[in-house]
Amino acid sequence: MKFLVTLEKDEDGYYVTECSSLPGCVSQGQTPEEALANIREAIEGILELRLRKGLPVPAVEVSEIEVAV
């Protein structure tokens, strides 16, 4: 499965990443690579837990749209 995540540098210099397809799935790291590795682990953990509890795995439908300002 593929999930779209966001990656932003916060005011403290950490990289924060979030997977909007899985509410509450947020992680961070000191580098972009570390943050992405951490969010991958978080996504895997959430999917494992959902499968173990018999909960549905969310269908991933993501639209990426640029907005000019």
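In case you missed it, the structure is sitting above this.
Being a predicted model, the structure only gives us computed values, none of them experimental.

Draft legend 1. Main features of the pattern of salt bridges. Under the definition given, this model contains 1 salt bridge. Taking the shortest distance from any N to any O, the salt bridge between Glu48 and Arg52 comes out at 4.0 Å. In this pair, Glu48 and Arg52 both sit in helix α1 (residues 32-52), 4 residues apart, roughly one turn of the helix. For the pair Glu48 and Arg52, a shared accessibility class is recorded, and that class is exposed.

Draft legend 2. Region of interest: the side chain of Ser27. Inspection of the secondary structure puts Ser27 in strand β3 (residues 25-29). When its relative accessible area of 17% is taken as the criterion, Ser27 is described as buried. Residues contacting Ser27, with those up to four places away along its chain left out, are Tyr15, Val16, Thr17, Asn38 and Ile39.

Conventions adopted
Residues numbered from 1 in each chain as written. Predicted model: local features only at pLDDT ≥ 70, side-chain atom pairs only at ≥ 80, totals over all residues. Heavy atoms only, no water. Salt bridge = Lys/Arg side-chain N within 4 Å of Asp/Glu carboxyl O. Helix = DSSP H or I, 4+ residues; strand = E, 2+ residues; numbered from the N terminus. Buried < 20%, exposed > 50% of the residue type's maximum accessible area, 1.4 Å probe, protein only. Contact = heavy atoms within 4.5 Å.

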